[in-house]
Each structure stands twice: as C-alpha cells, then as structure tokens.
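# Examination of the molecular architecture
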Amino acid sequence: MQRNLRFALFGNTYQEHKSAHVTHLLEILRGKGAEICISNEFYDFLKQHTKANLDGLEIFKGYDFNADMALSIGGDGTFLRAASRVGKKEIPILGINTGRLGFLADISPDQMEEAFDEIYEGKYLAEPRRVLHLTSEGYVLKGYPYGLNEIAILKRDSSSMITIREPLCSYQADGLIIATPTGSTGYSLSVGGPILVPQSGTISLTPVAPHSLNVRPIVIRDDWEITLDVESRSHNFLVAVDGRSETCREGIRLTVRRADYFVRIVKRCHHSFFNTLREKMMWGADSRL
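Residues numbered from 1 in each chain as written. Predicted model: local features only at pLDDT ≥ 70, side-chain atom pairs only at ≥ 80, totals over all residues. Heavy atoms only, no water.

### Structural notes on the nonpolar core
The condition is simple: We call a set of buried residues a nonpolar core when its members are Ala, Val, Leu, Ile, Met, Phe, Trp, Tyr or Cys and they connect through side-chain atoms within 4.5 Å of each other. Partly exposed describes any residue whose relative accessible area lies between the buried limit of under 20% and the exposed limit of over 50%, with all areas from a 1.4 Å probe on protein chains only and scaled to the type maximum. Strands here mean DSSP runs of E at least two residues long; helices mean DSSP runs of H or I at least four residues long; both are numbered from the N terminus. By the convention used here, residues are in contact when the closest approach between their heavy atoms is within 4.5 Å.
If you look at the biggest cluster of nonpolar residues, it comprises 30 residues, and the most contacted ones within it are F7, L9, L25, L71, L94 and F116. Mapped by element, the contributors of at least two residues to this core are β1 (6-11), α1 (19-31), β2 (35-39), α2 (40-49), β4 (69-74), β5 (93-97) and α4 (112-120). Those residues within four positions of L25 in sequence are excluded, and the remaining contacts are L9, L71, I73, I96, M112 and F116. Within the second largest apolar cluster, 25 residues are counted, among which are L134, I164, V215 and L228.

What follows is the structure, encoded as structure tokens:
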C-alpha cells in the first residue's frame, strides 16, 4: 500500500509559457493521492497567468509549512530560494528543471513520472549538503544569512577594487567567493575556482579578478571559521548570499562558518555527481570525438 505523502510546492514566477509542466506535475501528484501545499506567491502567479487546476491546494506563506518533500519547479535560482525557505526543517528538496542548466534542479519534466514512481517506492537518495552561515559584529544583516551555494564579498561600484583581509591572505580584487561543494560548480567555477566533490568536507576561497597574479583559489576544511575585514575606496561593499545581495559599510567584521544544519537534495539512485558534471557541463568531454 502506497504511503500518502505531503509535498510543498515552490516555483518560478516568470515563466507562464512553461505552465504545462506544472499541470502535468499536479496530475501526477493527484493520481498518487498526494497532499499538496503551495507557496502563496507561486499560487498567485499560477492563478493569474495560467490555466492550471489549483483546486484543493493548501496555500502557505513564508516558512509556515511542513511536508515530506519540497518540490522546486524552475532553475537553480528557484531551487536556492526554495532551500532558503526550507532552512532548518531539513525537508528533502527535489528540483524539476524548467530553466537552462539545471545543476541543482536536475530532473527534467519528461522524467517526472518515472522519478515520482521511484520516490513512492523509496528508491531515491536525499544527499546532505553543507550550508554556510554569515554573521557580523556590530551590524545586523537584513537578508537570510545562510548560503547553500556561496557567500561572496564584492565591490559595489564599477571603478576600484576592494581589499579583503582574512587570516590566510589579503586580497586586492573585485571580490572573494567562499563556496561550498554545492556552489563550486556555479559562480566560483566561472571565475576559475575548483570543483569540489559534495561530501569532501571542504570549502573554497576564490578571488574575483585579483590584482596580483600570485593570488590563487585555495581549498580548506569546512569546519574552519573565516573572519573578513573589508576596505573600500567608496567605504561600502556588497555581500551576496546565494545571489541575494545587500550593501554593507566598511569597518564591519564578517564571519563565515558552517551552519548547524544541512540541505537535503533529492537525487535518483542511478545518478552521480560525476554523471551530472558530464551531462550538464561536458566535463571531461573530448571535442575531437
């Protein structure tokens, strides 16, 4: 007898032309007798811009929900926003990719039926992924201070670099990206950072456009605490946590440490990290063949 599962639904609110995928997903879940709750902003978007059947869906706001599994419909940005809402609940998150690359959200719409058959049979993995926590002395950060992908310190204006001092090194650069293994294939990789295996217990520090050629990315243990002091000619800078940015003033000390919880990402049993690297990024592919 199938267990009755409860799903929390999050989605991209910019792609009404892809609403057919939502309609199909709801049909699959209803066919299995699932309980479905949906974030209020996604519900409002679907109601206004699509013809999806939303009857019987329970609407929730903010963090006021509970479920056996969270579903993110969109790209990796949608997945990261869903992860911030799940937070310390540690509810497994399945990403259904209707975006472009889809490294976190790696289930394609045409795989949904097969994927949910496996979920109901218990044939899936819920991989724990490390999260970073950003705090500051004498300053209250406005945004959600936890990052699944990365925490980036960046210059705010377009003219001059910033100086970032931390125990290992002083960086004169456009910024510094502190990335988890999950985030190592994102922003960090695009500026020359290393790819980290998810369960490696490491994080990477990658400078953005450093002024010195002898400053290179470094990989450290994820149980190390990193303190950062930032100097800027404009006396302020940006802090970006998984793409959510805010302006900070010069003179505050930032601390980055690993969070006291994991984000659990649902993966199909036969999929591996290296499969995803090959399929999504053509990792190791020989263009001559």
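### Concerning the packing of α1 against α4
Quick note on the threshold: Orientation is described by lines fitted to C-alpha atoms, with helices fitted over the stretch in contact, and by angles between N-to-C directions that extend from 0 to 180 degrees. An angle below 35 degrees is read as roughly parallel, one above 145 as roughly antiparallel, one from 65 to 115 as roughly perpendicular, and any other as oblique. Each crossing is labelled by how the near helix is turned from the far one, with a counterclockwise turn of less than a right angle marking it left-handed and a clockwise turn marking it right-handed. Residues are sorted three ways: Asp, Glu, Lys and Arg are charged, Ala, Val, Leu, Ile, Met, Phe, Trp, Tyr, Cys and Pro are nonpolar, and all the rest, Gly among them, are polar.
Packing of α1 against α4 brings their axes to within 10 Å, and their N-to-C directions diverge by 30 degrees. Taken together, the axes of α1 and α4 are roughly parallel relative to one another. Crossing angle aside, the handedness with which α1 passes α4 is right-handed. Packed against α1, whose contacting residues are H21, H24, L25, I28 and L29, the element α4 presents M112, E113 and F116 at the interface. For the contact of α1 with α4, a count of residues per class yields five nonpolar, two polar and one charged.

### A short note on the side chain of S204
You can see S204 is positioned in strand β12 (residues 202-208). Beyond its immediate chain neighbours, meaning those up to four positions away, S204 contacts I177, I178, A179, S188, P194, L196, I218 and V219.

### Details of the packing of aromatic side chains
Note the threshold: In this analysis, rings of Phe, Tyr and Trp, with Trp reduced to its six-membered ring, are considered paired at centre separations within 6.5 Å, and the interplanar angle assigns stacked below 30 degrees, edge-to-face beyond 60, and tilted for intermediate values. Geometrically, a charge over a ring is one whose NZ (Lys) or CZ (Arg) sits within 6 Å of the ring centre while staying within 35 degrees of the ring normal.
Scanning the model with the defined rule gives eight aromatic pairs in all. Measuring from centroid to centroid gives 6.3 Å for F7 and Y120, while their planes differ by 45 degrees, and the two rings are tilted. Here Y120 lies in helix α4 and F7 lies in strand β1, a separation of 113 residues in the sequence. Exposure class is identical for F7 and Y120. Each is buried. An aromatic cluster is defined as three or more aromatic residues linked by ring pairs; in this entry it consists of F7, F116 and Y120. Residue placement shows K32 over the ring face of Y120; its charged tip is 5.2 Å from the ring centre. Taking NZ or CZ as reference, K89 lies 4.9 Å from the ring centre of F65, over its face.

### Side note on the pattern of salt bridges
The test is simple: Whenever a carboxyl oxygen of Asp or Glu lies within 4 Å of a side-chain nitrogen of Lys or Arg, that contact is scored as a salt bridge.
Applying the stated criterion across every chain yields a total of 18 salt bridges. The partner of R268 in a salt bridge is E118, with the nearest N and O atoms 3.0 Å apart. One end of the pair, R268, is in strand β17 (residues 253-268); the other, E118, is in helix α4, and 150 residues separate them in sequence. In terms of burial, R268 and E118 fall into one category: buried. For E121, the salt bridge goes to K123, with nearest N and O atoms at 3.4 Å. By sharing partners, the salt bridges in this structure join R6, E35 and E58 into a single network.

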